[in-house]
Amino acid sequence: MYKYNNIELEKCEVLKDLTKTGKERPWREKKLKTIELAESYFRLGDKKYYRIRDCGSFLEYKKHIETGEKKLNRANFCKVRLCPMCSWRRSLKIYGQASQVMDKALEEKSYRFLFLTLTCKNVYGEDLSNQINNLFYAFNKMSKRKIFKQAIKGWFRALEVTHNLDKTSDNYDTYHPHFHMILMVNESYFTDPKYYITHEDWVKLWKSCMGVDYDPMVNIKAFKTGTKFETQKSISEVAKYSVKDDDIIIKNEDGQIDEELTDDAVFILDKALAHRRLVAFGGKLREIQQELKLDDMENGDLIHTNNEDELRDDLEYVIERYKWGVGYNQYVKLDL
Ligand SMILES: [Zn+2]
């Protein structure tokens, strides 16, 4: 029997939080992962352990009496960069902001959007931080080049790091930092040879800014903006996690955590990503972000993620509170 303040948890109502399309929000899955991550920080002797362990242990909702719709109202998030719970909330927030900013741009003018992926060679853990420095430096350089400045009206940039865990690969246990970008261009971009940048030009440009002797892999493709659904899908490809949970919390074939590999990855990624701006807007998109007075995508509020309509305040609501049942591994409703 699991108890909290003398309440028998098994007798409590379990949290059910569904999206508008009826999909269950992954609170429980993310909470379980925060515990696994916290244990790694504990083994590393890092005090962040305490914050991560308690992340999202308390959720408060406003629930509409008439519709039964729920909206998160308060919660305790740790805001540690690698935290699976906070990364999920952050990705919702980034997605929400990117959508808002792009929608606003399109209200003014029929811009077009492109996807750009800029990569470099894989590196071992000890070189990751340096390689990320190189990427940021090269990007800065590129954004000041004439060819970029005259064609690209605005951009959104997100750093992603993947961790190669394929034991048969030559790159096993190396890291792959890269940028995902959305570029905003004028409609005339595709037909005007003065502005159009070919794939070959992108490779040359990125290679020269990176100052490397190999051709870095660069991917460029036009954005599908035919329907709202396609636009949303395209944005979600870019506005995702900086590092996937499975690249940090690493499991063996039998589903057990590989503590050595996990602790290594946590140590390396924690250091390499500290004090960096992993997502940013530039050019016209940055102006719009500022006009809309949107808060900081990374350090801002993780409760209101802007990706769904706010509950209307003129409707009656009740407050519901949920607590994570330690050991019971469920969110249970507390009677007020
Ligand atoms: Zn957290």
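Up top is the structure.
Rules used in this analysis
- Residues numbered from 1 in each chain as written.
- Predicted model: local features only at pLDDT ≥ 70, side-chain atom pairs only at ≥ 80, totals over all residues.
- Heavy atoms only, no water.
- Helix = DSSP H or I, 4+ residues; strand = E, 2+ residues; numbered from the N terminus.
- Rg over C-alpha atoms; globule rule 2.2 N^0.38 Å.
- Buried < 20%, exposed > 50% of the residue type's maximum accessible area, 1.4 Å probe, protein only.
- 1 Å grid on protein atoms, 1.4 Å probe; cavity = no way out; pocket = protein on both sides within 12 Å on 5 of 7 lines; lining within 4 Å.
- Points joined across faces, edges and corners; volume = space filled by probe spheres on them.
- Nonpolar A, V, L, I, M, F, W, Y, C, P; charged D, E, K, R; others polar.
- Donors = N, O, S within 2.8 Å, 3.2 Å for Na, K, Ca; no water.
- Axes fitted to C-alpha atoms, helices over the stretch in contact; angles between N-to-C directions.
- Parallel < 35°, antiparallel > 145°, perpendicular 65-115°, else oblique.
- Contact = heavy atoms within 4.5 Å.
- Pairing = 2+ DSSP bridges.

Asker: Which residues make up the overall build of the protein, and what values do they have?
Answerer: Looking only at helices and strands, the protein has 10 helices and 11 strands in total. Here the C-alpha atoms of the protein give a radius of gyration of 22 Å, agreeing with the 20 Å that 2.2 N^0.38 yields for 336 residues. Along the three orthogonal principal directions, the C-alpha set of the protein runs to about 70 × 50 × 30 Å. Here the protein holds 336 residues, and the buried ones make up 47% of them.

Asker: Mind laying out the layout of surface pockets, listing which residues take part and the relevant values?
Answerer: Of the volumes computed, that of the second largest pocket is approximately 220 Å³. For the second largest pocket, the lining is made up of 13 residues, of which Lys-79, Val-80, Arg-81, Ala-274 and His-275 are closest to its centre. When residues in the lining of the second largest pocket are grouped by element, the largest group, 3 residues, is from helix 9 (residues 259–273). Of the residues assigned to the lining of the second largest pocket, the class counts are 4 nonpolar, 2 polar and 7 charged.

Asker: Which residues make up the coordination of the zinc ion, and what values go with them?
Answerer: Cys-55 (SG), Cys-78 (SG), Cys-83 (SG) and Cys-86 (SG) make up the full set of protein donors to the zinc ion, lying at 2.3 Å. Donor residues for the zinc ion, ordered by position in the chain, follow C-x22-C-x4-C-x2-C. Pair check on accessibility: Cys-78 and Cys-83 agree, each one buried.

Asker: Break down the packing of helix 1 (residues 27–43) against helix 9 for me, citing the residues and quoting the values.
Answerer: Their axes nearest at 9 Å, the elements helix 1 and helix 9 cross at an angle of 85 degrees. Put simply, helix 1 runs roughly perpendicular to helix 9. Note on element contacts: helix 9 touches helix 1 through Glu-259, Thr-262, Asp-263, Val-266 and Asp-270, opposite Leu-37, Ser-40, Tyr-41 and Arg-43. Taken together, the residues of the contact of helix 1 with helix 9 sort by class into 3 nonpolar, 2 polar and 4 charged.

Asker: Could you give an account of the pairing of strand 6 (residues 154–163), with specific residues and numbers?
Answerer: Among the 10 residues of strand 6, 10 are classified as buried, and the element is accordingly described as predominantly covered. The alternating pattern of strand 6 places Gly-154, Phe-156, Ala-158, Glu-160 and Thr-162 on one face and Trp-155, Arg-157, Leu-159, Val-161 and His-163 on the opposite face, and all of these are buried. Summarising the sheet, strand 6 and strand 7 (residues 175–185) pair through 10 bridges and their orientation is antiparallel. Pairing of Phe-156 across the sheet is with Ile-182, part of strand 7.

Asker: Summarise empty space enclosed by the protein; cite the residues concerned and give the values.
Answerer: If you roll a probe as big as a water molecule over the atoms, it shows you where there is empty space left. Tallying each qualifying case throughout the model produces 1 cavity of 30 Å³ or more. Of the pockets and cavities examined, the largest cavity occupies roughly 150 Å³. Lining the largest cavity are 15 residues, with Arg-81, Ser-87, Arg-90, Tyr-241 and Ser-242 positioned closest to its centre. Looking at which element gives the most residues to the lining of the largest cavity, the answer is helix 3 (residues 84–108), with 4 residues.

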